[in-house]
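Okay, here's what each chain looks like letter by letter:
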There are 4 protein chains.
Amino acid sequence: MIPRYTPAEFEELWSPATRFSTWLEVELAACEAMEAEGLVPAGIAKGIRAKQLSLDPARIEAIERTVKHDVIAFLTHVEELAGEGARWLHRGMTSSDVLDTSLAVLLVRATDLLSARLDKLCGALARRADEHRRTPMIGRSHGIAAEPITFGLALAGHLAEMKRGRARLLAARQAIAVGKIAGAVGTYAHLSPRIEERALAALGLRPETVSTQVVARDRHAELFTALSLIAAGIERLATNVRHWQRTEVREAEERFTVGQKGSSAMPHKRNPILSENLCGLARIVRAAVIPALENVPLWHERDISHSSVERMIAPDATSTLGFMLDRAAGLVEGLVVYPEKLRQNLDSTGELFFSEAVLLALVQKGRPRQAAYELVQRCAMRAIAGEGRFRDNLAADADVVALLAPDEIARCFDLDHALSHVDTIIDRALRD
Amino acid sequence: MIPRYTPAEFEELWSPATRFSTWLEVELAACEAMEAEGLVPAGIAKGIRAKQLSLDPARIEAIERTVKHDVIAFLTHVEELAGEGARWLHRGMTSSDVLDTSLAVLLVRATDLLSARLDKLCGALARRADEHRRTPMIGRSHGIAAEPITFGLALAGHLAEMKRGRARLLAARQAIAVGKIAGAVGTYAHLSPRIEERALAALGLRPETVSTQVVARDRHAELFTALSLIAAGIERLATNVRHWQRTEVREAEERFTVGQKGSSAMPHKRNPILSENLCGLARIVRAAVIPALENVPLWHERDISHSSVERMIAPDATSTLGFMLDRAAGLVEGLVVYPEKLRQNLDSTGELFFSEAVLLALVQKGRPRQAAYELVQRCAMRAIAGEGRFRDNLAADADVVALLAPDEIARCFDLDHALSHVDTIIDRALRD
Amino acid sequence: MIPRYTPAEFEELWSPATRFSTWLEVELAACEAMEAEGLVPAGIAKGIRAKQLSLDPARIEAIERTVKHDVIAFLTHVEELAGEGARWLHRGMTSSDVLDTSLAVLLVRATDLLSARLDKLCGALARRADEHRRTPMIGRSHGIAAEPITFGLALAGHLAEMKRGRARLLAARQAIAVGKIAGAVGTYAHLSPRIEERALAALGLRPETVSTQVVARDRHAELFTALSLIAAGIERLATNVRHWQRTEVREAEERFTVGQKGSSAMPHKRNPILSENLCGLARIVRAAVIPALENVPLWHERDISHSSVERMIAPDATSTLGFMLDRAAGLVEGLVVYPEKLRQNLDSTGELFFSEAVLLALVQKGRPRQAAYELVQRCAMRAIAGEGRFRDNLAADADVVALLAPDEIARCFDLDHALSHVDTIIDRALRD
Amino acid sequence: MIPRYTPAEFEELWSPATRFSTWLEVELAACEAMEAEGLVPAGIAKGIRAKQLSLDPARIEAIERTVKHDVIAFLTHVEELAGEGARWLHRGMTSSDVLDTSLAVLLVRATDLLSARLDKLCGALARRADEHRRTPMIGRSHGIAAEPITFGLALAGHLAEMKRGRARLLAARQAIAVGKIAGAVGTYAHLSPRIEERALAALGLRPETVSTQVVARDRHAELFTALSLIAAGIERLATNVRHWQRTEVREAEERFTVGQKGSSAMPHKRNPILSENLCGLARIVRAAVIPALENVPLWHERDISHSSVERMIAPDATSTLGFMLDRAAGLVEGLVVYPEKLRQNLDSTGELFFSEAVLLALVQKGRPRQAAYELVQRCAMRAIAGEGRFRDNLAADADVVALLAPDEIARCFDLDHALSHVDTIIDRALRD
């Protein structure tokens, strides 16, 4: 989480101030649940709320330096501010009741911030896919011209992938929206399932099925895998933009803002730096997955090795993905598309992409598939070598002409036919 | 996928024979769908099926060495065996139509093999959790004795985690049960969505929303993340077994079979080698996640960099996890539990785990929490240092006695009370 | 890089202020080299140095928001402060000449900070290994008591590993101490190898053999692998401390400071939290390796995808490892060792660790190895099952007694003999 | 390790037959050392060697199924074949003495196989770099045309990287050429450092400084990091080939062999499949690093979790890299380079790459850098927009003409000058 790649909302979400205020929320929710069950005198939580405590992170950290325990430091500070009533807080609870429940609250908020951004990216992709649904371009496999698609179709593929990412994020939100108020080893020794359920409900969470001292870490790991899948999808999009923008292709470009400079040495350059940046950041988000998985096998009823990891990867991965989604949405929204260049690149392939239509026509006429393949390859390879147009080579090939009449050859060279199902596909992506 | 860690069903699933027969299944399903749509003469597929082709992997590989293309080699071989009619196969299709659809069929079967194994492991965990629901043991955080739990509760936690793993596996099965019969760049240039839908339905699959030349790789990556989460859960279980079995704890042990030898040098040893092995294998399954994520950002309408990766990690990760699940189920089923040792370890903690009850009693009597904490810590630390029993130190502490009567202290030392909610929790895990 | 895990020197090293002042160092070193070669009027650099520019990071970032290019923003700001002469800076250079050379300067400094810390850790390990070179303890494989070692020997193993880590760090320092002043695509189009060599020498660096626009990223990746290997070594040490401290073992403990609190719920606990923390942080350092490797295959003469990655992992991994080394050194220095408990655990194994000596004595007397193994195992297993002491079971076993006289059995049970080579080994670790 | 990606030498190296014969080599070397020290009667090893045992892997595995211990199974089988004398083998040793020492022997052989391949790749790169040292091409940063380089220079960069890889491989060979014959917990309880040293020397190995039951795993992890760095270098090379071969660039191509087919649907395609394959395989080699690092923190004097990991990643990563090196050498050797297309792409950039020369000329004349930058950018952007050639736009720009005479502008457009240092750089790479 470095300022450069951290949206303000995430800066705020992962600040010490928010952390401590969330801890207080959790303590008060638990306290109210205990009041309802008669374990704590009624009104304690309300009394503390009324004081509108202004928690001081620096003071808490100072206490922690002595006691070497963050939650005890926090509680000590709360007692300093709230006085007498505060001694009822945290009754029968263990630190992880507060920490893990708070972490759940924060991660749920983080997923909500991410969902909103993901929706924007999907919106941008949908608009641009629709806009360019009939803008033809050459499809490429292996980086080599293959058969025609449309620019809208390419974007629709990214849209469909992002929608799958959204579904995974929602599933992960569900997995992570789980807290615990169950005591030192999850047995409710001085609490009860009813207290836990009531307290967590007030915070928008469900209870862990079986807690140890902590909420099980496979839940968190699932969240990080969901984030990494979204990041990988953005990486695919950004990789394509980088390809589209490269000098020899130049089919689409990142918006170049006024005043922007491409290179300190070469004034003429317009580089796809946003997309390159997104590719790099995807590596960062992806890198959180392994530590998150390594956090799962805690010893016995828990060890605390996961804690330092989460202090770093939870803010890092969520903020960075938040930044990526913002940037990707802007990238798609502002992407400058060059239909003429798309057409020109399509045309420069010499219509070789119609080879399959010819192949099929020959097979239809009775040629065995492999023989037909070699026939078509022969005419194509000559065209690639600069000897004649593919279409003309076919017309001049005795073996081809023996099977296909001139108009049958001509019918193979039909772009509209090649793209006749594209609308259906794009609509599928828009609708799903 | 090495023989040592590959169950027979997975060996079979990932054999060249199964691969090529699955390709043929896909080609025939597509052919039948084209017959239904009138693109191919009726009866072609039926005719080929009737010949019950006996595909020869070695022959296919020999052809591939010349043509350097596996699907073309396969089709050539099919034409060799099936003759004339075979030229209708693969009409309008691209290699990936066959390869990706086949991969989906194989991965779906792999998840089914894994699901069955996961069910067995869950069954074993459920039985043993139920069996030991009231076998008390000391819960440990940080490896340090904390408060009492039961052995069944510990197993119930693993059960709940494995059930979450099962849910993720089913979600991943859904994600991966997607094929494509959509041609070179996914546009159905010489096919149609209807053909694809019909062919895939016959194979138990759904069509990709927007194909490129391939099915999108985020689907496969999701599967590998699901596998890694299950492996991490097994790693947690195995880590705990290793702890339970260590010399100084010896609360439970892997079944030691007749004839087994623990060490070539030390005849007395009984080592938790199954569990250690499971921890190692979890690293292998986890290691598939990053390559799977790196496979997502293919260039344009696809490049083929993902292929070599999948040839290795798909068999490796699924087989290894299959082996792990078998082994883990056997481990749990055969785990030798020592209730007396569990009790002895619990008792040897000197009842310090009741300290929280005392703390709460003091707070109830009006002591501020931090003051009460220090009071209890004082009596506990003395006991740890070997000066008196914790219970007696409390009874002898003037500050404690000023607040708590002897019977009030005694009431804090109640194991049944501490474990009163355990049944509820275990039932939650069994039921969910 | 979060404050919690960042030593002050690293905070300083990776601050914007240090970054920009290092850029200026590089620009001035290059300028001086160009002056020497007559490409820039003499005295320019000296003149700028004399002004002792006070660079304002906030101002640079403000300019960057318009020009979207950090080095151009920096140069603009330098011109604002230094006036006229500054237009000679950066002559013929590209941004990466500044950025990569600066990064090399910073990473070299980071490795020096790490080396100093690693030396401290090695010093602490050496002292404690020497102190406990003759403190016997039970060695454990698989977590199961095996044969005797000494506590000093265990520490000596960690020392030897850390020394290997230091050698790797020095090799990585050598790999990374490489800059470039070679222009847009590394051809010195408007510069020369002589200028580069002179400028880099002034900064303590060597020239890249073949630059693209940047220094090759395998160098940086090597550094991150070196860091991860050191972190893994610390993880092994910390894992062992966690084992030594667990309730049932309690052979050594982290120093528990006055005022420290182990648990908010359980006042009696002393948890190995430093060691657990180190295990977690090792995951963080390790997680930098894959992104660093993914940074290597930049497109053509470079893309900028590596940049965002390095902005995060360079500070994170170096600072975190710096923190780990400090913490590990303190941990070792303060480790509280309990020789009596070590001895007690050794003794409680019932001398089973002498089984190999008996096995060898039997083989010496002519028993085939496997037969001897079964004989010893028989006596050992009875002892484990609580039937008699191992030593006595041997003396009562007719087959054993047939081969070994009572004093021959007794000679097998000699701890001094078992540890006779330990000094030699420890000296090897201290000396190397 | 799948047949498709496993060179024959690696298949052989990692076969069960080689494994068991290496175990025997180690046992015999240890036996001879013990004979020399008088611990074993002279002539035992010689006698066993004379029998030229034909070990049967299937028989060993059958025994292992009962005893569940591979080394004991092996020794039992050796006794079956060698009779009486064999009982002297393995005296005082533990399984890991055999296993780890054997693993070191095998890994050393693997690095030697890799070194030889790496030399071939370096040779090919050196030849092609030299051949094309003066073949101009456009250098690209961000995928955008930047300034001129030569094709040989690009290859020289890959050569320099591979040479660094070779140095790392040799360092890793040194780290891994370490065995142990030190008994159950590394104390030589029934052995001696002299025996170990003698036995290992006969196998080409050195002793571990401080063994536990095993050789320390940071050594193996270092090897895997070295492999991953070489793989990443190949990935960079392969990525560049993919770029060079893409339709719109077509500056170089993989050799297309007679009979090869590019696509089952599109007969005209020539795809860079070798290079794409190499990119995929790099992910596999890289994926071994994290498990190797996770293997380092074994518990106490060792646990066996590393074993299953190494059984998979050691053969996989070494064989796969061996395959990659073979393939990469062939790729470079056979790479078809198109100098005319290289020139054409260079020319089509409209000489914009000379913009920096103009910029520098303007600065030389007294223009502040940023002002000069904007001036040049103005002329360049017009050229990009299709309004005039860059060179002409400059000549027509009043502000430019005010500072630069026509011949001064012309002198900025000199390709030979731009490439004047290329020979020096390439020679550096060839020589180092």
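Keep in mind it's a predicted model, so treat the numbers as computed, not measured.

Enquirer: Help me understand the interface of chain C and chain A, please; the structure alone is not making it clear to me.
Expert: A common way to express how large an interface is: the accessible area buried when the components associate. Residue-level contacts link 57 residues of chain C with 57 residues of chain A. Interface area, chain C with chain A, both sides summed: about 4,600 Å², of which 58% is carbon and sulfur. For the salt bridge of R242 of chain C with D303 of chain A, the shortest nitrogen-to-oxygen distance reads 2.9 Å. Remark: the boundary between chain C and chain A carries 14 residue pairs in polar contact (both at pLDDT 80 or more). Put simply, the parts of the chain that give the side of chain C that touches chain A at least two residues each are helix 4 (57-67), helix 5 (70-82), helix 9 (218-245), helix 10 (273-286), helix 11 (289-294) and helix 12 (305-334) of chain C. Grouping the amino acids of the side of chain C that touches chain A by side-chain chemistry returns 21 nonpolar, 22 polar and 14 charged.

Enquirer: Can you walk me through the relation of the copies chain B and chain A in this structure?
Expert: Both copies of the chain are related by a screw-like operation: a rotation about an axis and a shift along it. The transform that puts chain B on chain A rotates by 180° and translates by 0.0 Å along the axis, for an RMSD of 0.0 Å. Considering both components of the superposition, the chain copies are consistent with a two-fold axis. Among all residues of chain B, the minimum C-alpha distance to the rotation axis is found for T225 of chain B, at 3.2 Å. When the interface residues of chain B are mapped onto chain A, 100% of them again fall at the interface, so both copies present the same face.

Enquirer: For this particular structure, what's the right way to read unusual backbone geometry?
Expert: Phi is mostly negative for residues that are not glycine, and the peptide bonds are mostly trans. The phi torsion at H90 of chain A lies on the positive side, around 70°, for a residue other than glycine. Positionally, H90 of chain A belongs in the loop between helix 5 (70-82) and helix 6 (95-131). Using a relative accessible area of 1% as the deciding quantity, one classes H90 of chain A as buried. Phi angles above zero are rare outside glycine, and K68 of chain B is one such case at about 55°.

Enquirer: I tried to follow the relation of the copies chain C and chain A on my own but got confused; where do I start?
Expert: The two copies are related by a screw motion: chain C maps onto chain A through a turn of 180° and a shift of 0.0 Å along the axis, at an RMSD of 0.0 Å. Looking at chain C, 100% of its interface residues are interface residues in chain A too, so the copies touch through the same face.

Enquirer: How should the side chain of T212 of chain D be read in this particular structure?
Expert: Along the chain, T212 of chain D falls in the loop between strand 4 (206-207) and helix 9 (218-245). On the accessibility criterion, T212 of chain D (16% relative accessible area) is buried. At a separation of 3.1 Å, a polar atom in the side chain of T212 of chain D contacts the main-chain amide nitrogen of V214 of chain D. Residues within four places of T212 of chain D in sequence aside, it is in contact with R236 of chain C together with K180, V185, G186, H300, E301 and R302 of chain D.

Enquirer: Got a minute to help me understand the UniProt feature "domain: Adenylosuccinate lyase C-terminal" (unreviewed entry) in chain A in this structure?
Expert: Taking the UniProt record as the reference, the feature "domain: Adenylosuccinate lyase C-terminal" (unreviewed entry) is found at residues 350-430 of chain A. With 69% helix and 0% strand, residues 350-430 of chain A has end C-alpha atoms that lie 33 Å from one another.

Enquirer: Even after reading the chapter, I still don't get the packing of helix 9 of chain C against helix 9 of chain D, so can you show me in this structure?
Expert: The relative placement of two packed helices comes down to the angle between their axes together with the axis-to-axis distance. The geometry of helix 9 of chain C relative to helix 9 of chain D is characterised by a closest axis approach of 10 Å and an angle of 165° between their N-to-C directions. Comparing their axes, helix 9 of chain D and helix 9 of chain C come out roughly antiparallel. The chirality of how helix 9 of chain C crosses helix 9 of chain D is right-handed. Contact residues: D218, A221, E222, T225 and L229 of chain C in helix 9 of chain C; D218, A221, E222, T225 and L229 of chain D in helix 9 of chain D. Taken together, the residues that form the contact of helix 9 of chain C with helix 9 of chain D break down as 4 nonpolar, 2 polar and 4 charged.

Enquirer: Would you explain the interface of chain B and chain A in this entry?
Expert: Listed as interface residues are 95 residues of chain B and, on the opposing side, 96 residues of chain A. In total, about 8,200 Å² of surface goes out of reach between chain B and chain A, with carbon and sulfur atoms giving 59% of it. Summed over the shared surface of chain B and chain A, the result is 8 salt bridges. Residue R168 of chain A pairs with D218 of chain B through a salt bridge whose shortest N-O separation is 2.8 Å. Where chain B touches chain A, the interface holds 27 residue pairs in polar contact (both at pLDDT 80 or more). With 15 residues, helix 9 (residues 218-245) of chain B is the single largest residue contributor to the side of chain B that touches chain A. Its residues assigned to classes, the side of chain B that touches chain A comprises 43 nonpolar, 27 polar and 25 charged.

Enquirer: What is the right way to read the domain arrangement of chain A from this model?
Expert: Domain annotation of chain A identifies domain 1 (93-342) and domain 2 (352-412). Computed over C-alpha atoms, the centres of domain 1 of chain A and domain 2 of chain A are 47 Å apart.

Analysis parameters
- Residues numbered from 1 in each chain as written.
- Chains lettered and ligands numbered in written order.
- Predicted model: local features only at pLDDT ≥ 70, side-chain atom pairs only at ≥ 80, totals over all residues.
- Heavy atoms only, no water.
- Contact = heavy atoms within 4.5 Å.
- Buried area = accessible area lost by both parts, 1.4 Å probe.
- Salt bridge = Lys/Arg side-chain N within 4 Å of Asp/Glu carboxyl O.
- Polar contact = N/O pair within 3.5 Å; in protein donor to acceptor, adjacent residues only side chain to side chain.
- Helix = DSSP H or I, 4+ residues; strand = E, 2+ residues; numbered from the N terminus.
- Nonpolar A, V, L, I, M, F, W, Y, C, P; charged D, E, K, R; others polar.
- Least-squares fit on C-alpha atoms with pLDDT ≥ 70 in both.
- Buried < 20%, exposed > 50% of the residue type's maximum accessible area, 1.4 Å probe, protein only.
- UniProt positions renumbered as here; feature names shortened; annotations may be inferred.
- Axes fitted to C-alpha atoms, helices over the stretch in contact; angles between N-to-C directions.
- Parallel < 35°, antiparallel > 145°, perpendicular 65-115°, else oblique.
- Left-handed = near helix turned anticlockwise from the far one by under 90°.
- Domains from an automatic or database assignment.

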